[in-house]
Structure formats: C-alpha cells, structure tokens
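Reading the structure
Okay, here's what each chain looks like letter by letter:
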Amino acid sequence: MKKMAAFGYAQVLVLLAIACMVTVCQGQAETIVVGGSENWRFGFNYTDWALKRAPFYINDTLVFRYDPPSNTTPAAHSVYLLPNLWSYLTCDLRWAKLLANSTQGSGDGFAFVLSQWRVYYFASGEGNKLNDCRVGGMKFFAIPLPRRRRA
Ligand SMILES: *[C@@H]1O[C@H](CO)[C@@H](O)[C@H](O)[C@H]1NC(C)=O
Ligand SMILES: *[C@@H]1O[C@H](CO)[C@@H](O)[C@H](O)[C@H]1NC(C)=O
Ligand SMILES: *[C@@H]1O[C@H](CO)[C@@H](O)[C@H](O)[C@H]1NC(C)=O
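Structure report, in brief. The shown structure was predicted, so the numbers you read here are calculated from the model rather than taken from an experiment.

To continue, consider helix α2 (residues 46-53). Taken residue by residue, α2 has Tyr-46, Thr-47, Trp-49 and Ala-50 as its buried positions. Projected onto a plane normal to the axis of α2, the buried residues spread over an arc of 160° and lie on a single side. For α2, the secondary structure elements touched by its buried residues are β1 (31-33), α3 (85-90) and β7 (139-142). Of the residues that open α2, the one with a side-chain oxygen 3.2 Å from the backbone nitrogen of Thr-47 is Asn-45.

What follows is about the packing of aromatic side chains. Given two aromatic rings, one states the distance between the centres and the angle between the planes to describe the pair. By the definition in use, this model includes 16 aromatic pairs. Seen from their ring centres, Trp-49 and Phe-56 are 6.0 Å apart, and the 50° between their planes marks the pair as tilted. Relative to Phe-110, the ring of Phe-64 has its centre 6.4 Å away and its plane inclined at 40°; by these criteria the two rings are tilted. Placement of the pair is Phe-64 in strand β2 (residues 61-64) and Phe-110 in strand β5 (residues 110-113), with a sequence separation of 46 residues. The residues Phe-64 and Phe-110 share a single accessibility class, namely buried. The side chain of Arg-118 reaches across the aromatic face of Tyr-120, ending 4.3 Å from its centre. Here the guanidinium or amino end of Lys-139 rests over the ring plane of Tyr-88, the centre of that ring lying 4.8 Å away.

Moving on, we come to the sheet that holds strand β3 (residues 79-82). In space, the four strands of this open sheet follow the order β4-β3-β6-β7, with antiparallel pairing throughout. With one partner strand each, in any of the chains shown, β4 (97-100) and β7 form the two edges of the open sheet. This sheet shows a mean twist of 30° between the axes of neighbouring strands, independent of strand direction.

By size, the foremost hydrophobic cluster in this structure holds 22 residues, and its most contacted members are Trp-40, Leu-62, Phe-64, Phe-122 and Phe-140. Tallying contributions element by element places α2 first for this core, with three residues. Not counting residues within four places of it along the chain, the set of residues in contact with Phe-64 comprises Val-34, Trp-40, Val-79, Gly-105, Gly-109, Phe-110, Phe-122 and Phe-140. Formed by 10 residues, the second largest nonpolar core is a distinct cluster that contains Tyr-88, Leu-93, Ala-123 and Phe-141.

Turning next to the sheet that holds β5. Strands belonging to one sheet form pairs held by backbone hydrogen bonds; the direction of such a pair is parallel or antiparallel. Across the sheet, which stays open at both edges, the three strands sit in the order β1-β2-β5 with mixed pairing between neighbours. The open sheet has two free edges, formed respectively by β1 and β5, since each of these has just one partner strand. Between one strand and the next, the sheet's axes are offset by a mean angle of 25°, whatever the strand orientation. Direction of pairing for β2 relative to β5: antiparallel, over a ladder of four bridges. Across the sheet, Thr-61 pairs through a bridge with Val-113, a residue of β5.

Here the focus is the state of the cysteines. Taken as a whole and judged by the stated rule, the model has one disulfide. With its sulfur 2.0 Å from that of its partner, Cys-91 forms a disulfide with Cys-133. One quick way to see it: the torsion about the S-S bond of Cys-91 and Cys-133 is about -80°, and its sign makes the bridge left-handed. Remark: Cys-133 occurs in helix α4 (residues 131-134) and Cys-91 occurs in the loop between α3 and β4; sequence separation between them is 42 residues. Assessed through its relative accessible area of 2%, Cys-91 is described here as buried.

Rules behind the numbers
- Counting from 1, residues in each chain are numbered in the order their sequence is written.
- Chain letters start at A and ligand numbers start at 1, both assigned in the order the entries are written.
- Per-residue local features are limited, in this predicted model, to residues with pLDDT of at least 70; the limit for side-chain atom pairs, both in listing and counting, is 80 or more; totals at the level of whole chains, interfaces and linings are taken over all residues.
- Hydrogens and waters are ignored; side-chain quantities use all the structure's heavy atoms.
- Between buried and exposed lies partly exposed: a residue is buried under 20% and exposed over 50% of the maximum accessible area for its type, with that area taken using a 1.4 Å probe on protein chains only.
- Strands are runs of DSSP state E lasting at least two residues, helices are runs of H or I lasting at least four, and both sets are numbered from the N terminus onward.
- Note: the arc covers the axis-to-C-beta directions of the helix.
- Residues are treated as being in contact if the distance between any of their heavy atoms lies within 4.5 Å.
- Two N or O atoms form a polar contact when they lie within 3.5 Å of each other; inside protein one atom must be a possible hydrogen donor and the other a possible acceptor, and for residues adjacent in sequence the pair counts only when both atoms belong to side chains.
- Two aromatic rings, drawn from Phe, Tyr or Trp (for Trp, its six-membered ring), form a pair once their centres lie within 6.5 Å of each other, and the interplanar angle then sorts them: stacked below 30 degrees, edge-to-face above 60, tilted otherwise.
- Any Lys NZ or Arg CZ that is within 6 Å of a ring centre and within 35 degrees of that ring's normal is treated as a charge sitting over the ring.
- At least two DSSP bridges between two strands are needed for those strands to be called paired.
- Inter-axis angles, ranging from 0 to 180 degrees, are taken between N-to-C directions of lines fitted to C-alpha atoms, where helices are fitted over the stretch in contact.
- Throughout, nonpolar core names a set of buried Ala, Val, Leu, Ile, Met, Phe, Trp, Tyr and Cys residues whose side chains join them through atoms within 4.5 Å.
- When two cysteine sulfur atoms are found within 2.5 Å, that pair is recorded as a disulfide.

Spelled out as structure tokens, the structure:
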C-alpha cells in the first residue's frame, strides 16, 4: 500500500512539473524555513511537513534552524544529505554527507539551495543510535521542480 501511495505522489509531481514548464509556475526562488515555526527539532514529523509544504522549486533555499548544544538544550542536531531512498527509510548515514554540524544551525540558521532537479533526502545525524532520524521524525525529502524564469 505504501508503494502505491508513493507512486501516486510521483505521478502528481510529474504532472506538476509539466504544468510548470507549460505555464503556471513563474516567480522568484523562495527561502523556506524547514518546519516553519517549529524549526529543526526532535519530535516533529518533517516528512509530513515537506509533503504538505510541497511543491519546492529549483533554487529555493531551505533554512535549518536549531540551537547549538548547551546546558539548557543539551540535545544536538545536524543536517545530512542522504544518498538514496533506502538510506532515508532506514536512517542509514554511512554514505551520507554532512551539510551542517551541531553548531551551524544557530543564528540565522543553515541555508541550503535546492539547485538541481533531483530528490534530496535530509536527516539529522544526532541522538543516541541516530534517534533524531529513527524516532524523532527529523528526516524528509524534497523534489524541487523547474520554475520558469520571469521574462
Ligand atoms: C509522518 O508523516 C508521514 C506522511 O504524512 C506518515 O506517512 C508517517 O507515518 C508519519 N510518521 C509518524 C511517526 O507519525
Ligand atoms: C539557479 O540558479 C543558478 C545560479 O544563479 C542559475 O544559473 C540557474 O539557471 C538557476 N536555475 C533555475 C532553474 O532557475
Ligand atoms: C562546525 O563547523 C564549523 C564550520 O566549519 C566549525 O567552525 C565548528 O568547529 C564545527 N563544530 C563542531 C561541533 O564540529
């Protein structure tokens, strides 16, 4: 059943992409704070957030905001780019690329541009036994669509 749902979503994306190239999607690249006012934290379903926030467009910027570990907030977070769907599903970070460590989400946050038409899989690599990703919901994927440039 999960597979069916994923296929349906992929079809919608293809339709959106086509609609996009034909006419509808014009405008400027956006800056999007991951999780909105929840920022990047343990215990929020980012897969769900990303599905609801979609579509993303090529050259949109994702901003990950999280506090560095301290006495008051001991839990650290980070941002990894995962290589494929399997690593995303299983929270396998062995071949993942560190994008932002535990201190780089402070202040204005860590900014990442979705510069290519591909699937981006993100996850936090922190927590005992990778619990941020496995239990804490801190993973999602985004497929930025092409957006016609304003003439
Ligand atoms: C998070 O949201 C996704 C998409 O809505 C859903 O499939 C998944 O079961 C949710 N995960 C948890 C742990 O609730
Ligand atoms: C994204 O930005 C780069 C660098 O500014 C630009 O060369 C490229 O054409 C842009 N891509 C799209 C799809 O707008
Ligand atoms: C995180 O990365 C920054 C920039 O590369 C570096 O200055 C800092 O020492 C790193 N922090 C940790 C905890 O690794």
